[in-house]
Amino acid sequence: MEIMSSEWRGPEWVLSHGSNRALEFLNSGSIDFGSTAGLAAVLSRANGNPIKGVYIYSRPEWTALVVPKDSPIKSVKDLKGRKVAATKGTDPYLFLLRSLHQEGLKKTDIEHASLQHADGRTALEQGKVDAWAGLDPLMAASEIDAGSRLVYRNVSFNTYGFLNTTESFSRQYPEHVKRVIASYEKARRWILANPEETAKIVAEEAKLSLPVAKLQLTRNEFSNPVPGAEHIRALKAAAPILIEEELVKKGTDVNKVIDDLVDPTWAKAIVR
């Protein structure tokens, strides 16, 4: 995942290893834009980070529950008592929690290993954990390179890819917000028109094999970039996990947080 910072002499791209890091950078003022999972952005705003989701860069199925190729684990229920890696504050972690809850399990029913995404993949492949809440492209690479299996998939538990900025930056630099969104929108249209070239660029820039890049891209959909009702519904369906797991302060109106986060104003002015 990449996040964007600029003093507006030109963009400076900063690598983030997960939504949690991107949101930390955004909250500290180290960057001006951060690309994150939608539910991670909700969690961050609920906990005091005054951000706005101004563009949807994809609808991904970028996370699933992953096990080694020879693992006896065949379902979410089989994770009970097992060691599972997941990065706190990210879509994969929240995906894990929702998956457990759906099967009547709690976070305390597993042993959670709090690892950044790349470390989670390594731990899985080295047999140090039983399962991993994976994230593409690392997840796709583990499938192809190590034969890892996606033991549970649920695209509706994957929240959208949000481009976020801070309220203060959008007020102070509205034209810059429009310029950034226009750049993303130009890229989105090009991606839709050039899937093969897109895969080659992703492979080269992310230092992935072409098969991994292609597999990752099959799990992304780019049709609706304007934040709106579709995204609000998805986030509100996911929000109860934040309350049940006490990830937000007691009494937080998470639905209002979501309404305040999702801001279609900027994208509506650009997307045609």
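Structure shown above.
Residues numbered from 1 in each chain as written. Predicted model: local features only at pLDDT ≥ 70, side-chain atom pairs only at ≥ 80, totals over all residues. Heavy atoms only, no water.

Quick notes on the overall build of the chain
So the rule is basically this: Helical segments are the DSSP runs of H or I of at least four residues, strand segments are the runs of E of at least two, and each set is numbered from the N terminus. Using C-alpha atoms as the atom set, the radius of gyration is obtained and then compared with a globule rule of 2.2 Å times the number of residues to the power 0.38. Think of it in three bands: with a 1.4 Å probe and only protein chains considered, a residue is buried below 20% of the maximum accessible area for its type, exposed above 50%, and partly exposed in between. Residues are treated as being in contact if the distance between any of their heavy atoms lies within 4.5 Å. All accessible areas in this document rest on Shrake-Rupley with a 1.4 Å probe, and a residue is counted as covered only by the protein chains that are shown.
Of the regular secondary structure elements, the chain holds 13 helices and 11 strands. In terms of overall size, the chain behaves like a compact globule, its C-alpha atoms giving a radius of gyration of 18 Å where 272 residues would be expected to give roughly 19 Å. Each principal axis of the C-alpha atoms in the chain carries an extent, and together these give about 55 × 50 × 30 Å. The proportion of buried residues among the 272 residues of the chain is 51%. Partitioning the contacts of the chain with sequence separation of at least 6, the portion at a separation of at least 24 is 75%. When the accessible surface of the chain is totalled, it reaches about 12700 Å², and 50% of it is carbon and sulfur.

Some remarks on the side chain of Gln116
Relative to the elements of secondary structure, Gln116 occurs in the loop between strand S7 (111–114) and helix H4 (117–125). In this structure Gln116 touches His17, Asn20, Arg21 and Thr87, once residues within four positions along its chain are discounted.

Quick look at the packing of helix H7 (residues 174–193) against helix H8 (residues 195–205)
Counted only if it meets this: Convention adopted: a line fitted to C-alpha atoms gives each axis, helices being fitted over their contacting stretch, and angles between N-to-C directions are expressed from 0 to 180 degrees.
It is at 5 Å that the axes of H7 and H8 come closest, and there the two elements cross at 115°. Contacts between H7 and H8 involve Trp190, Ile191, Leu192 and Ala193 from the first element and Pro195, Glu197, Thr198 and Ile201 from the second.

A few points about the nonpolar core
Note the threshold: Take the buried Ala, Val, Leu, Ile, Met, Phe, Trp, Tyr and Cys residues and link them wherever side-chain atoms come within 4.5 Å; each set so joined is a nonpolar core.
Ranked by size, the top nonpolar core spans 62 residues in total, and within it Val42, Tyr55, Leu65, Leu79, Leu96 and Leu242 carry the most contacts. If near-sequence neighbours (up to four positions away) are discounted, Tyr55 is found in contact with Gly161, Phe162, Leu163, Ile181, Tyr184, Glu185, Arg188, Pro225, Pro227, Ala267 and Val271. If you look at the next biggest cluster of nonpolar residues, it comprises 9 residues, including Val66, Ala85, Ala113 and Met139.

A look at the layout of surface pockets
Definition in use: Each cavity reported here is a set of points on a 1 Å grid over the protein atoms alone in which a 1.4 Å probe fits but cannot get out, each pocket an open set with protein on both sides within 12 Å along at least five of seven lines, and each lining residue one with an atom within 4 Å of a point. Grid points are joined across faces, edges and corners, and a volume is the space filled by probe spheres set on the points. For this classification, Asp, Glu, Lys and Arg are treated as charged, while Ala, Val, Leu, Ile, Met, Phe, Trp, Tyr, Cys and Pro are nonpolar and the rest, including Gly, are polar.
Empty space within the second largest pocket amounts to approximately 250 Å³. Lining the second largest pocket are 14 residues; nearest its centre among them are Asn20, Leu43, Ser44, Asn47 and Gly89. At 4 residues, helix H1 (residues 19–28) tops the list of elements feeding residues into the lining of the second largest pocket. When the residues that make up the lining of the second largest pocket are grouped by side-chain class, the tally is 6 nonpolar, 6 polar and 2 charged.

Here we look at the packing of aromatic side chains
Rule in force here: Two rings belonging to Phe, Tyr or Trp (six-membered ring only in the last case) form a pair when the distance between their centres is within 6.5 Å. Interplanar angles under 30 degrees mark stacking, angles over 60 mark edge-to-face geometry, and anything in between is tilted.
Scanning all chains against the criterion turns up 6 aromatic pairs. Considering the side-chain rings of Phe169 and Tyr173, the 4.9 Å spacing of their centres and the 45° angle between planes classify their relative orientation as tilted. Three or more aromatic residues joined by ring pairs make a cluster, and in this case those are Phe33, Phe169 and Tyr173.

A closer look at empty space enclosed by the protein
Under the counting rule described, the total for this entry stands at 2 cavities of 30 Å³ or more. Taken as a whole, the largest cavity holds about 60 Å³ of empty space. By residue number, the principal contributor to the lining of the largest cavity is strand S4 (residues 51–60), which donates 4 residues. Classifying every residue of the lining of the largest cavity gives 5 nonpolar, 3 polar and 4 charged.

Quick notes on the pattern of salt bridges
What counts, and what does not: What makes a salt bridge here is a side-chain nitrogen of Lys or Arg within 4 Å of a carboxyl oxygen of Asp or Glu, nothing more.
If you walk through the whole model with that rule in mind, you get 15 salt bridges. Its salt-bridge partner being Glu24, residue Arg21 comes within 3.3 Å of it at the nearest N-O pair. Taken together, the positions of Arg21 and Glu24, both in helix H1 and 3 residues apart, correspond to about one turn of that helix. For Arg21, a relative accessible area of 31% corresponds to the partly exposed category.

Notes on unusual backbone geometry
A negative phi holds for most residues other than glycine; trans holds for most peptide bonds. The omega angle of the peptide bond from Asp136 to Pro137 is 5°, so this bond is cis rather than trans. Here Pro137 shows up in the loop between strand S8 (131–133) and helix H5 (138–146). One non-glycine residue, Glu246, lies in positive phi territory at about 55°. As for its placement among the helices and strands, Glu246 is situated in the loop between helix H11 (240–244) and helix H12 (254–261). Glu246 gets classed as exposed once you look at its relative accessible area, which sits at 68%.

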